[in-house]
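Below, each chain spelled out in residue letters.
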Amino acid sequence: MTRIYSILGVIGCLILGLDQWTKQLALEVLRFEGDSKGFLSWWSWTLVYNRAAAFGIFSSIPFVDTEAVRIGFLLAVPVVVLGLLWYFYIRKFEANENYRPAVMGLVVGGAIGNLIDRIRFQYVVDFVDWFYPSASGKCIPLFFPGQNGTTCHWPVFNIADSAISVALVLLILEPFVLKQQSANAKV
């Protein structure tokens, strides 16, 4: 079991460190919310203070009437989710597993990275802005029009969000990957 927690811990710490380092770098380079520096024709750094949950969900929670309640709710959710993950999933890992502890390391590192921001700033620092040009101003689903109407943007995100998203994809692929690993082990 120590090996499992080592895999989870190392990956979680790497994600957490990379997340916090890149957020600090973004805060130093982009001094004010909305500041942007382009890198490629489809990618820029744009500083956004996300006061809601991932991708801006829960930005207006109907049962929340004060800022303190909203912040409490957004702080409690990752703590509860991490607790449930441990109770129902992580503690049931088998001693020889590598895949699931690595995936959970991504989740734990990402969740703690965003939780640190919520405690430190009362919002999450997002800065990765992906977009594509749109002459018509119409965007494909999940993208939204930019300010000038000539680009379509994915919601701005950070390394922690990326790690959690990758982990979700890996969890969906888990039955196929573990089946293949099991088939290879028998050969």
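Residues numbered from 1 in each chain as written. Predicted model: local features only at pLDDT ≥ 70, side-chain atom pairs only at ≥ 80, totals over all residues. Heavy atoms only, no water.

1. Details of the pattern of salt bridges
Side-chain pairs of opposite charge can arise where the charged atoms are in close proximity.
Item 1. In the structure shown here, the tally under the stated rule is 5 salt bridges.
Item 2. The partner of Lys23 in a salt bridge is Asp19, and the shortest N-O contact between them spans 2.9 Å. Taken as a pair, Lys23 and Asp19 lie in helix 1 (residues 2-29) at a separation of 4 residues, close to a single helical turn.
Item 3. According to the relative accessible area criterion, Lys23 is buried, its value standing at 2%.
Item 4. Glu97 is the salt-bridge partner of Arg100, the closest N and O atoms lying 2.5 Å from each other.
Item 5. Owing to a relative accessible area of 16%, Arg100 belongs among the buried residues under this scheme.
Item 6. Relative accessible area serves as the criterion here: at 12%, Glu97 is assigned to the buried category. (Salt bridge = Lys/Arg side-chain N within 4 Å of Asp/Glu carboxyl O. Helix = DSSP H or I, 4+ residues; strand = E, 2+ residues; numbered from the N terminus. Buried < 20%, exposed > 50% of the residue type's maximum accessible area, 1.4 Å probe, protein only.)

2. Quick look at the pairing of strand 1 (residues 36-40)
Item 1. Taken together, the 4 bridges between strand 1 and strand 2 (residues 43-50) define a ladder with antiparallel strand orientation. Counterpart to Gly38 in the pairing with strand 2 is Ser44.
Item 2. Taking the residues between adjacent antiparallel strands as the criterion, strand 1 and strand 2 are bridged by 2 residues. (Pairing = 2+ DSSP bridges.)

3. What to know about the state of the cysteines
Item 1. Scanning the model with the defined rule gives 1 disulfide in all.
Item 2. Across a sulfur-sulfur distance of 2.1 Å, Cys139 and Cys152 are joined as a disulfide pair. Taking the torsion about the S-S bond as the criterion, the Cys139 to Cys152 disulfide, at about -85 degrees, is left-handed. One end of the pair, Cys139, is in the loop between strand 3 (124-133) and strand 4 (144-145); the other, Cys152, is in strand 5 (residues 151-153), and 13 residues separate them in sequence.
Item 3. Taking relative accessible area as the criterion, Cys139 reaches 25% and is therefore assigned partly exposed. (Disulfide = S-S within 2.5 Å.)

4. Focus: the side chain of Asn114
Item 1. Structurally, Asn114 can be placed in helix 3 (residues 99-121).
Item 2. Within polar-contact distance, the side chain of Asn114 engages the side chain of Lys23 at 2.9 Å.
Item 3. If we skip the residues at most four places from it in the chain, Asn114 touches Asp19, Lys23, Val124, Asn158, Ala160 and Asp161. (Polar contact = N/O pair within 3.5 Å; in protein donor to acceptor, adjacent residues only side chain to side chain. Contact = heavy atoms within 4.5 Å.)

5. A short note on the packing of aromatic side chains
Item 1. Inspection of every chain in the model, using the stated rule, returns 10 aromatic pairs.
Item 2. Ring geometry for Phe121 against Tyr123: centres 5.4 Å apart, planes inclined by 15 degrees, an arrangement best described as stacked.
Item 3. Among the aromatic residues, those joined into a ring-pair cluster are Phe39, Trp42, Trp43, Trp45, Phe127, Trp130 and Phe157. (Phe/Tyr/Trp six-rings, centres within 6.5 Å; stacked < 30°, edge-to-face > 60°.)

6. A word on a nonpolar patch on the surface
Item 1. A grouping of Tyr5, Val80, Leu84, Trp86, Tyr87 and Phe88 is seen on the molecular surface, where their side chains present a nonpolar patch of about 620 Å² in accessible area.
Item 2. For the nonpolar patch, the element with the highest residue contribution is helix 2 (residues 67-88), accounting for 5 residues.
Item 3. Residue classification places Leu84 among the partly exposed residues on the basis of a relative accessible area of 44%. (Patch = residues over 30% accessible without salt bridge, like charges linked within 9 Å, V, L, I, M, F, W, Y side chains within 5 Å. Areas by Shrake-Rupley, 256 points an atom, 1.4 Å probe, with all protein chains shown as cover.)

7. Comments concerning helix 1
Since one α-helical turn is 3.6 residues long, residues separated by three or four positions face the same way.
Item 1. For helix 1, which comprises 28 residues, the first-to-last C-alpha distance of 40 Å matches the rise-based estimate of 40 Å (1.5 Å per residue) to within 8%.
Item 2. Considered for burial, the residues of helix 1 that qualify are Ile4, Leu8, Gly12, Ile15, Asp19, Gln20, Thr22, Lys23, Ala26 and Leu27. (Expected span 1.5 Å × (residues − 1).)

8. Comments concerning the sheet that holds strand 3
In a beta sheet, neighbouring strands are held together by backbone hydrogen bonds and run either parallel or antiparallel to one another.
Item 1. Judged by pairing direction, the sheet is antiparallel, and its 5 strands sit side by side in the order 1-2-3-5-4 without closing on themselves. Each having just a single partner strand, strand 1 and strand 4 make up the two edges of the open sheet.
Item 2. Bridge count for strand 3 against strand 5 is 3 bridges, and the pairing is antiparallel. Across the sheet, the residue bridging to Pro133 is Thr151, located in strand 5.
Item 3. Against the sheet, helix 1 contacts strand 1, strand 2 and strand 3, and its axis sits at roughly 75 degrees relative to strand 3.
Item 4. Each of strand 2 and strand 3 touches helix 3; the most contacted strand, strand 3, lies at about 120 degrees to it. (Axes fitted to C-alpha atoms, helices over the stretch in contact; angles between N-to-C directions.)

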